[in-house]
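Understanding the architecture of this molecule
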Amino acid sequence: GLNDFLQTLGPEYSVYTYELLNSGIDKETLLTFSDEQLLIDCGITNKIHRIKIQHGVKMSREDFSYSEESLEKNLDVFISYRRSNGSQLASLLKVHLELRDYTVFLDVVGLEAGKFDNNLLQSIRSSKNFILVCTAGAMDRCEGDIDQKDWIHKEIACALNSQCNIIPVFDNFVMP
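First, a word on what this report is: a plain description of the structure on this page. On a predicted model such as this, the values are computed, not experimentally measured, just so you know.

What counts, and where the lines are drawn
- All residue numbers refer to positions counted from 1 along the written sequence of the respective chain.
- Local features in this predicted model are restricted to residues whose pLDDT is 70 or higher, and side-chain atom pairs enter the listing and the counts only when it is 80 or higher, whereas totals over whole chains, interfaces and linings include all residues.
- The side-chain quantities take in all heavy atoms of the structure and omit both hydrogens and water.
- Secondary structure elements follow DSSP: runs of H or I of four or more residues count as helices, runs of E of two or more count as strands, with numbering from the N terminus.
- Classification of residues uses two cut-offs on accessible area relative to the type maximum, computed with a 1.4 Å probe and protein chains only: under 20% is buried, over 50% is exposed, and between them is partly exposed.
- Throughout, a residue-residue contact means that at least one pair of heavy atoms, one from each residue, lies within 4.5 Å.
- Surface accessibility follows the Shrake-Rupley procedure with a 1.4 Å probe radius. Residue values consider only the protein chains on display as shielding.
- Here the arc refers to the directions that run from the helix axis out to each C-beta atom.
- Only buried residues count toward a nonpolar core, which is a set of Ala, Val, Leu, Ile, Met, Phe, Trp, Tyr and Cys residues joined through side-chain atoms within 4.5 Å.
- Any carboxyl oxygen of Asp or Glu within 4 Å of a side-chain nitrogen of Lys or Arg constitutes a salt bridge here.

Let us now look at the overall build of the protein. For the protein, the helix and strand inventory stands at 8 helices and 4 strands. Starting at the N terminus and walking to the C terminus, you meet the elements of the protein as α-α-α-α-α-β-α-β-α-β-α-β. Residues classed as buried in the protein amount to 41% of the 176 residues present. Summarising the internal contacts of the protein: among those between residues at least 6 apart in sequence, 68% fall at separations of at least 24. Accessible surface, the protein as shown: approximately 9800 Å² in total, 51% of it carbon and sulfur.

Buried within helix α1 (residues 2–9) we find Leu2, Phe5, Leu6 and Leu9. End-on view of α1: buried residues confined to an arc of 95°, all on one side of the axis. Exposed and oriented more than 90 degrees from the buried face of α1 are Asp4 and Thr8.

Time to look at the environment of Leu2. By the secondary structure assignment, Leu2 is in helix α1. Judged by relative accessible area, Leu2 falls into the buried class, the value being 7%. Each C-alpha atom, one on Leu2 and one on Tyr18, is 9.6 Å from the other, the two residues being 16 residues apart in sequence. When residues no more than four places from it in sequence are discounted, the contact partners of Leu2 are Thr17, Leu20, Leu21, Ile25, Asp26, Lys27 and Leu30.

Among the nonpolar cores identified, the biggest contains 20 residues, and Ile124, Phe130, Leu132 and Met139 are the most heavily contacted of them. Those elements giving two or more residues to this core turn out to be α5 (47–60), β1 (75–80), α7 (116–125), β3 (127–135) and α8 (151–161). Beyond its immediate chain neighbours, meaning those up to four positions away, Phe130 contacts Phe78, Ser80, Ile124, Glu155, Ile156, Ala159, Cys164, Asn165, Ile166 and Ile167. The next biggest cluster of nonpolar side chains, apart from the first, holds 15 residues, and it includes Leu6, Tyr13, Tyr16 and Phe33.

Before going further, it helps to examine the environment of Asp35. Take Asp35: it is sitting in helix α4 (residues 35–40). A relative accessible area of 21% places Asp35 in the partly exposed class. Contacts of Asp35, omitting those with residues within four sequence positions, involve Lys47, Arg50 and Gln54.

Trans peptide bonds make up most of the peptide bonds, and negative phi angles are found at most residues other than glycine. We note that Asp101 has phi near 65°; this positive angle belongs to a residue other than glycine. Relative to the helices and strands, Asp101 resides in the loop between α6 (87–99) and β2 (104–105). The residue Asn172 is not glycine, and still its phi comes out positive at about 55°. In this structure, Asn172 sits in the segment after β4 (165–171).

Let us look at the pattern of salt bridges. Tallying each qualifying case throughout the model produces 4 salt bridges. When the shortest N-O distance is used, the salt bridge between Lys128 and Asp76 registers 3.2 Å. Of this pair, Lys128 sits in strand β3 while Asp76 sits in strand β1; the two residues are 52 residues apart in sequence, bridging distant segments of the chain. Given the relative accessible area of 16%, Asp76 is considered buried. In this structure, Lys94 engages Glu98 in a salt bridge whose closest nitrogen and oxygen atoms are separated by 2.7 Å. Taken together, the residues span about one helical turn, with Lys94 and Glu98 both in helix α6 at a distance of 4 residues. Since its relative accessible area comes to 34%, Glu98 is described here as partly exposed.

What follows is the structure, encoded as structure tokens:
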């Protein structure tokens, strides 16, 4: 049912089951709901959650080709940063962008283990802009990383392949 579907998106999505069912929505009718209807009629205030719910429904119905060429760019900004020294600047950028009504993805808490790779890369693919927070040493692990084991390297490659606008933000950065 609906809760099972929401659980496939992540455990944090199951909180919407009651409101959706209470609004008379099941998985089939969810496909026809707009972003605004999910916000106003269903009370889903998190824009990224609304986007992921709509995308998940389309993917599960196979109405949506999972290719980078056809992927809707429904997030304004994805922020990439090195956790060791870029999280404060990344959070500050997120707040300022959201104050200007941009939809922003910033992985602060961390995605569920196992779904981390696909969810994170999917968020990059669905973003128009990719902000790369360049702090001291942020790119050091990218040098010589042919297999893209470093996450920033992997995120940059995904952003390039997804034709995101890449916007570097520098803070005491020195190229390795």
